[in-house]
Amino acid sequence: MKLIPLPAFTDNYIWMLHDGHHALVVDPGDAQPVLEALARFGVQLQAILVTHHHPDHTAGVAALRQATGAAVYGPQREAMPEPLTRLAQGQQASSLGLHFQVIEVPGHTAGHIAYYCAAVNGAPLLFCGDTLFSAGCGRLFEGTPAQMLASLDALAALPDETQICCAHEYTLSNLRFARAVEPANAALADYAAAAERLRATQQPTLPSSMLLERRINPFLRSREPDVIRSVQGFDASAHDEVGIFAALREWKNQFR
Ligand code: ZN
Ligand code: FE
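What counts and how
- Residues numbered from 1 in each chain as written.
- Chains lettered and ligands numbered in written order.
- Predicted model: local features only at pLDDT ≥ 70, side-chain atom pairs only at ≥ 80, totals over all residues.
- Heavy atoms only, no water.
- Donors = N, O, S within 2.8 Å, 3.2 Å for Na, K, Ca; no water.
- Tetrahedral: all angles 85-135°; square planar, octahedral: opposite > 155°, others 65-115°.
- Helix = DSSP H or I, 4+ residues; strand = E, 2+ residues; numbered from the N terminus.
- Buried < 20%, exposed > 50% of the residue type's maximum accessible area, 1.4 Å probe, protein only.
- Phe/Tyr/Trp six-rings, centres within 6.5 Å; stacked < 30°, edge-to-face > 60°.
- Lys NZ or Arg CZ within 6 Å of the ring centre and 35° of its normal.
- Expected span 1.5 Å × (residues − 1).
- Arc of directions from axis to C-beta.
- Core = buried A, V, L, I, M, F, W, Y, C linked by side-chain atoms within 4.5 Å.
- Contact = heavy atoms within 4.5 Å.

Trainee: Give a detailed account of the coordination of the zinc ion (ligand 1), specifying residues and quantitative values.
Mentor: Looking at the zinc ion (ligand 1), the protein donor atoms are His-52 (NE2), His-54 (ND1), His-108 (NE2) and Asp-130 (OD), and they sit 2.2 to 2.3 Å from it. Coordination at the zinc ion (ligand 1) comes from four donor atoms whose angles at the metal span 86 to 173°, giving a geometry best classed as irregular. Sequence positions of the residues that donate to the zinc ion (ligand 1) give the spacing H-x1-H-x53-H-x21-D. Between the two metals, the zinc ion (ligand 1) and the iron ion (ligand 2), the spacing is 3.2 Å, and Asp-130 donates to both. Separated by 22 residues along the polypeptide, His-108 in the loop between β8 (98-104) and β9 (113-120) and Asp-130 in the loop between β10 (123-129) and β11 (132-133) bring together distant segments of the chain. His-108 sits in the buried class, given a relative accessible area of 4%.

Below is the structure:
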């Protein structure tokens, strides 16, 4: 099975899986890069998985459905290009002989979902949209900090070797903030050097892994003593775990 991030717009990735005959894509905000990839690999689109309603994740869905007849899956409670199969927590989307389990991860949007498959090429795989980014997380447009913290906790419970497929290449800018939060984190410094090298030649920093994210992502580390101390330097009134997480997210919003 081939896993390919198709670049779209300025920093989106439309993830594609194909087996040489059939393909699925996740969050096609633009149909064109998908149609080109289908032609290049000589594969037929079987399924489209959508994580949330933002146009940079959905605007190519109708054209792709029309061109290919692919089945469309998406969240239960968001405005979506109809028709589609709506999926709630624990339900599955199946394509290419793979079964993707839906995890509801509200926060970035109210009905955001992620798709988890227990084994793709021997390791688990997660399509997490705009919920988890490498070294960061999505902005809270519709959900509360408590919801986003619970959503990230659910993702962080997945196995170490889970391949993390995020919908944007935000890694370098996220790492600048992460290093301000945890200047003494050696794993973070190592990863920043590796990510700089990849981006210098326009290579994706993704997929990441859950083991790496638990070591370097401040939004998965908001209960670590060093992170709490740093956050309280930004907002001395932050105390309980939701308050610390909310202040961390607010600090990132203001960080330049
Ligand atoms: Zn979004
Ligand atoms: Fe997005």
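Still more ground to cover, so stick around.
Trainee: Tell me about the coordination of the iron ion (ligand 2), and name the residues and values.
Mentor: Asp-56 (OD), His-57 (NE2), Asp-130 (OD) and His-168 (NE2) make up the full set of protein donors to the iron ion (ligand 2), lying at 2.1 to 2.3 Å. What the four donor atoms of the iron ion (ligand 2) show is an angle range of 87 to 166° at the metal, which sorts the shape as irregular. Donor residues for the iron ion (ligand 2), ordered by position in the chain, follow D-H-x72-D-x37-H.

Trainee: Run through the packing of aromatic side chains, naming residues and quoting values.
Mentor: What the rule picks out here adds up to eight aromatic pairs. When the centroid spacing of 6.2 Å and the interplanar angle of 25° are considered together, the rings of Phe-177 and Phe-219 count as stacked. Note that Phe-177 is positioned in helix α5 (residues 171-181) and Phe-219 in the loop between α7 (210-216) and α8 (225-234), a separation of 42 residues in sequence. Aromatic ring contacts, followed pair by pair, group Phe-177, Phe-219, Phe-234, Phe-245, Trp-251 and Phe-255 into a single cluster. It is Arg-40 that lies over the ring of Phe-41; its NZ or CZ is 5.0 Å from the centre.

Trainee: How would you summarise helix α4 (residues 145-156) if you had to cite specific residues and measurements?
Mentor: Along its 12 residues, α4 runs 16 Å from first to last C-alpha, staying within 8% of the 16 Å computed at 1.5 Å per residue. When α4 is considered as a whole, its buried residues turn out to be Met-148, Leu-149, Ser-151, Leu-152, Leu-155 and Ala-156. One side of α4 carries all its buried residues, which in axial view fall inside an arc of 160°.

Trainee: Account for the nonpolar core, naming residues and giving values.
Mentor: Formed by 52 residues in total, the largest nonpolar core has its most connected members in Leu-24, Leu-49, Phe-100, Tyr-115, Leu-126, Phe-127 and Leu-155. Examining the composition of this core, we find that six residues originate from one element, β9, more than from any other. If we ignore the near neighbours within four places in the chain, the residues touching Leu-24 are Trp-15, Met-16, Leu-17, Leu-45, Ala-47, Leu-49, Ser-95, Leu-96, Phe-100 and Phe-127.

These values are about where atoms sit, not about what they do.
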